[in-house]
Amino acid sequence: MFSFIVSRLLQALPVMLVVSFISFAMFAYVGDPVAIMLGQDFTEAQRQALVRELGLDKPFFVQFMTFLGNAIQGEFGLSYRLSRPVAELIAERAPATLELALCAAVIAMAVGVPMGVYTGLYRNSWLSRFFLTFSLIGVSLPTFLIGILLILVFSVWLGWLPSFGRGDVVRLGWWSTGLLTWSGLKALILPAITLGLFQLTLIMRLVRSEMMEVLRTDYIKFARARGLPNRAVHFGHALKNTLVPVITIAGLQLGAIIAFAIVTETVFQWPGMGLLFIQSVGAADIPVMAAYLMMIAAVFVSINLIVDLLYYAVDPRLRIGRGRGH
Amino acid sequence: MKAFFDSDLWWSFTRSPVTMLSALVAFICIAGAVLAPVLAPHNPFDLASLQLMDAFKPPVWSGEGDATYPLGTDDQGRDMLSAIMYGARVSLLVGFCAVIFSTTLGVVLGLLAGYLGGRTDAVLMRIADIQLTFPSILVALLVDGVVRAALPREVHDQIALFVVIFAIGISNWPQFARTVRGSTLVERNKEYVQAARVIGLSPLSIMRSHVLPNVMSPVLVIATLNLGFAILAEATLSFLGVGVPPTQPSLGTLIRIGNDFLFSGEWWITIFPGVALIVMVLSVNLLGDWLRDALNPKLR
């Protein structure tokens, strides 16, 4: 177990190093931070002072180490666009994105798993066919179009739900939550559905194919032969054994949810990190982009690590030598 | 030509009505886009022909529409049908070029990794692994963002189209590289390759004329499936406002522009480009699915 964790950590390390190197290269070579920070009028002495202050006169390697040290402490300097500390900006926006991503993941699991079980059990019923067609559309529809269609139907035509923003938020310490107010919950519905729909179809298809595979195995036939009721066979035996890959994929997809949150947040003007990032890309705001890149990389690496460990914990076969690896 | 009509591929094509329909739809989309300058009823970029009087005309069947603008007009009086045809042109161009770019890059690197093995293999596959940790749309966004920041604005506006193609293409090569590497590892040890090595051919020409033709068929399938993805990625980038320049609006750009008018009731400005995008991607994806099943002997 211990050696497994260590080897995984050792694999994660180069990823983080490469990503931080790219971030640093963006800082160092893209655009001229000195020119951007000084503005129009400056003297040569002021320029020299700023270069020294930013440490730009030091050797490359020293600069990179300083950058790494600062990054580990969450220090990414000032945003070019908003002239505020990047860490502060991101901390302010993080709760919105995390709440959105979590709700989307919950929707995807809560709806996708039952739909997958149903379509796996009753393969030829018309409802299964409907679900499958629906999932094909869900895969082909781009996220932003789903959002626009939902806005058109539920905000413009029916007028039931708000189309932008987070509604009223409640502050709990440094965390601001929209889950405790009525308007906050209403504002969450459409973005969460938009973000979760793709994952929902993915989970549904995965559960369906896994169910179909498991139902063909001998121990299911044996359970039926013992006269166990359908419910016990389907849920106690079949579903339980499909959950390992489902957990893996769902966990890995959490990262994809955070990435696609960029699109959803733009459609719904949701004040999260994704919107911050896309505004920064538009304005070439390097510090925010670099910080976001590092943070996303950290999130992805830790999710991968946790999923690996979960897999190890759930599937006893992996503990006896890594025979069946996927 | 006769050999083609006798082949298994053609047979399975004629057996699947969905495939034939999607091939027809894809053909109509591509033809409409490529021949837009000939077929489109108006030229949406000819500023002289635009009349602000014609702005916000609804589609023709809603009663208040104008027969010259079958799908209505946008805020500047542009014909939506023509704008969509020209937009699909840009979308398809970016999609095709991005797929060609990532296919070339992926196949070359995959061949090198698989055939040479050793350190080349380890380094290339490690890079692919790292990139695959992130969703490709995020990689495309980041590459686009970095290039955008690195270039001065005037230069960037001129080559924005290439930047988008590069960003989408680079975000997708690992998939090709991995597939090609896998098949190359199998082919490398077969007798014909050994024979070619024995008669003294250089590794480069073995890779090019002996291994490459034998690893190409899965690549074709992935490329088809990737075309749909590339078109969607371009639309997403353009919708986010970091894609193709506004002077060459793609379907994604049209959707973004139309999004501003959703609330004033002009739904057609955003919905029709959206429908065009979905129809195009869906037909390409269905074709790709069919190709994958038809070329996979296990499923026959």
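This structure is a prediction, so every number in the text was calculated from the model and none was measured.

1. A look at the overall build of chain A
A count of helices and strands for chain A gives 12 helices and 2 strands. Walking chain A from its N terminus toward its C terminus, one meets helices and strands in the order α-α-α-α-α-α-α-β-β-α-α-α-α-α. C-alpha atoms of chain A, sized along the principal axes, occupy 90 × 60 × 35 Å. Each of the 326 residues in chain A was classed as buried or not, and the buried ones make up 46%. In chain A, of all internal contacts separated by at least 6 residues, the share reaching a separation of at least 24 is 70%.

2. Comments concerning the domain arrangement of chain A
Partitioning chain A into structural domains gives domain 1 (2-72) and domain 2 (87-282). Summarising the inter-unit geometry, the C-alpha centres of domain 1 of chain A and domain 2 of chain A are found 37 Å apart.

3. Comments concerning the environment of Thr248(A)
Residues and elements named next belong to chain A. Looking at the element boundaries, Thr248 is found in helix α10 (residues 230-268). Residue Thr248 is classed as buried on the basis of its relative accessible area, which comes to 14%. With 58 residues separating them in the primary sequence, Thr248 and Ile306 have C-alpha atoms 9.6 Å apart. Ignoring any residue separated from it by four or fewer positions in sequence, one finds Thr248 in contact with Val307 and Tyr311.

4. What about the interface of chain B and chain A?
Across the boundary between the two partners, chain B contributes 35 residues, which contact 40 residues of chain A. Summed over both sides, the interface of chain B with chain A buries roughly 3200 Å², with 86% coming from carbon and sulfur. In this assembly, chain B and chain A are joined by 0 salt bridges. Our count for the chain B to chain A interface comes out at 0 residue pairs in polar contact (both at pLDDT 80 or more).

5. Quick look at the pattern of salt bridges
Enumeration over the complete set of coordinates arrives at 4 salt bridges over all chains. Put simply, Asp121(B) and Arg181(B) hold a salt bridge, and the shortest N to O gap is 2.6 Å. A residue pair is termed long-range when its members are at least 10 positions apart, and Asp121(B) in helix α6 (residues 118-132) and Arg181(B) in helix α9 (residues 173-188) qualify at 60 residues. What makes Arg181(B) partly exposed here is its relative accessible area of 23%. With a closest N to O distance of 3.3 Å, Glu187(B) and Lys190(B) form a salt bridge. In this structure Lys190(B) comes out as partly exposed when scored by relative accessible area, which is 37%. Each of Arg84(A), Glu88(A) and Glu92(A) takes part in one network of salt bridges that share partners.

6. Brief notes about unusual backbone geometry
In this model, Gln269(A) sits at a positive phi of 50°, which is unusual for a non-glycine residue. Take Gln269(A): it is sitting in the loop between α10 and α11 (273-283).

7. Quick notes on the confidence of the model for chain A
Residues and elements named next belong to chain A. Averaged over all residues, the pLDDT of chain A equals 79, while 90% of them reach at least 70. No element of chain A has a lower mean pLDDT than helix α2 (residues 33-38), at 66, and none a higher one than helix α5 (residues 86-121), at 86. Taken as a whole, residues 322-326 scores under 50 in pLDDT and shows 5 contacts with residues more than four places along the chain or in a different chain.

8. What about helix α3 (residues 17-34) of chain B?
Between its first and last C-alpha, α3(B) extends 25 Å over 18 residues, near the 26 Å set by a 1.5 Å rise per residue. For α3(B), the elements touching its buried residues are α2 (8-14), α4 (36-39), α5 (80-116) and α13 (268-295) of chain B.

9. Overview of the UniProt feature "transmembrane region" (unreviewed entry) in chain A
Residues and elements named next belong to chain A. In the numbering adopted here, UniProt assigns the feature "transmembrane region" (unreviewed entry) to residues 12-30, 98-118, 130-160, 180-203, 243-270 and 290-314. Strand forms 0% of residues 98-118 and helix 100%; the C-alpha atoms that close the span are 30 Å apart. Along residues 243-270, the helical share is 93% and the strand share 0%, with 33 Å between the first and last C-alpha atoms.

10. Section: the state of the cysteines
According to the stated counting rule, one finds 0 disulfides over all chains in the structure shown. With no disulfide partner, Cys97(B) has as its closest neighbouring cysteine sulfur the one in Cys29(B), 18 Å distant.

11. Let's talk about the packing of aromatic side chains
Considering all chains together, one arrives at 8 aromatic pairs over all chains under this definition. Each ring, one from Phe144(A) and one from Phe239(B), has its centre 4.5 Å from the other, and the planes form 15°; the classification is stacked. Of the two residues, Phe144(A) is situated in helix α7 (residues 143-157) and Phe239(B) in helix α11 (residues 203-239); the pairing between them involves two chains. Residue Phe144(A) is classed as buried on the basis of its relative accessible area of 0%. On the basis of relative accessibility, which here comes to 4%, the residue Phe239(B) falls in the buried class. Ring centres of Phe154(A) and Trp160(A) lie 6.1 Å apart, and the angle between their planes is 45°; on these two criteria the pair is classed as tilted.

12. Here we look at the confidence of the model for chain B
Atomic detail in the predicted coordinates should be set aside for any region of low pLDDT. All names here are of chain B. Considering every residue of chain B, the mean pLDDT works out to 81; 87% of them sit at 70 or more. Taking the mean pLDDT of every element in chain B, the minimum, 65, falls on helix α1 (residues 2-6) and the maximum, 89, on α5. Interface predicted TM-score (ipTM) for the complex: 0.77; the corresponding pTM is 0.81.

13. Thoughts on the nonpolar core
Among the nonpolar cores identified, the biggest contains 137 residues, and Phe144(A) and Leu277(B) are the most heavily contacted of them. Counting residues per element, this core draws most heavily on α11(B), at 15 residues. Lining this core are residues from two domains, each supplying at least three of them: domain 1 (2-72) and domain 2 (87-282) of chain A. In this structure Phe144(A) touches Val263(A), Val267(A), Ala235(B), Thr236(B), Phe239(B), Ile255(B) and Leu277(B), once residues within four positions along its chain are discounted. Counting 20 residues, the second-largest nonpolar core is a separate cluster that includes Val207(A), Val214(A), Leu239(A) and Val246(A).

Reading the values: rules and limits
Residues numbered from 1 in each chain as written. Chains lettered and ligands numbered in written order. Predicted model: local features only at pLDDT ≥ 70, side-chain atom pairs only at ≥ 80, totals over all residues. Heavy atoms only, no water. Helix = DSSP H or I, 4+ residues; strand = E, 2+ residues; numbered from the N terminus. Buried < 20%, exposed > 50% of the residue type's maximum accessible area, 1.4 Å probe, protein only. Contact = heavy atoms within 4.5 Å. Domains from an automatic or database assignment. Buried area = accessible area lost by both parts, 1.4 Å probe. Salt bridge = Lys/Arg side-chain N within 4 Å of Asp/Glu carboxyl O. Polar contact = N/O pair within 3.5 Å; in protein donor to acceptor, adjacent residues only side chain to side chain. pLDDT = per-residue confidence, 0-100. Expected span 1.5 Å × (residues − 1). UniProt positions renumbered as here; feature names shortened; annotations may be inferred. Disulfide = S-S within 2.5 Å. Phe/Tyr/Trp six-rings, centres within 6.5 Å; stacked < 30°, edge-to-face > 60°. Core = buried A, V, L, I, M, F, W, Y, C linked by side-chain atoms within 4.5 Å.

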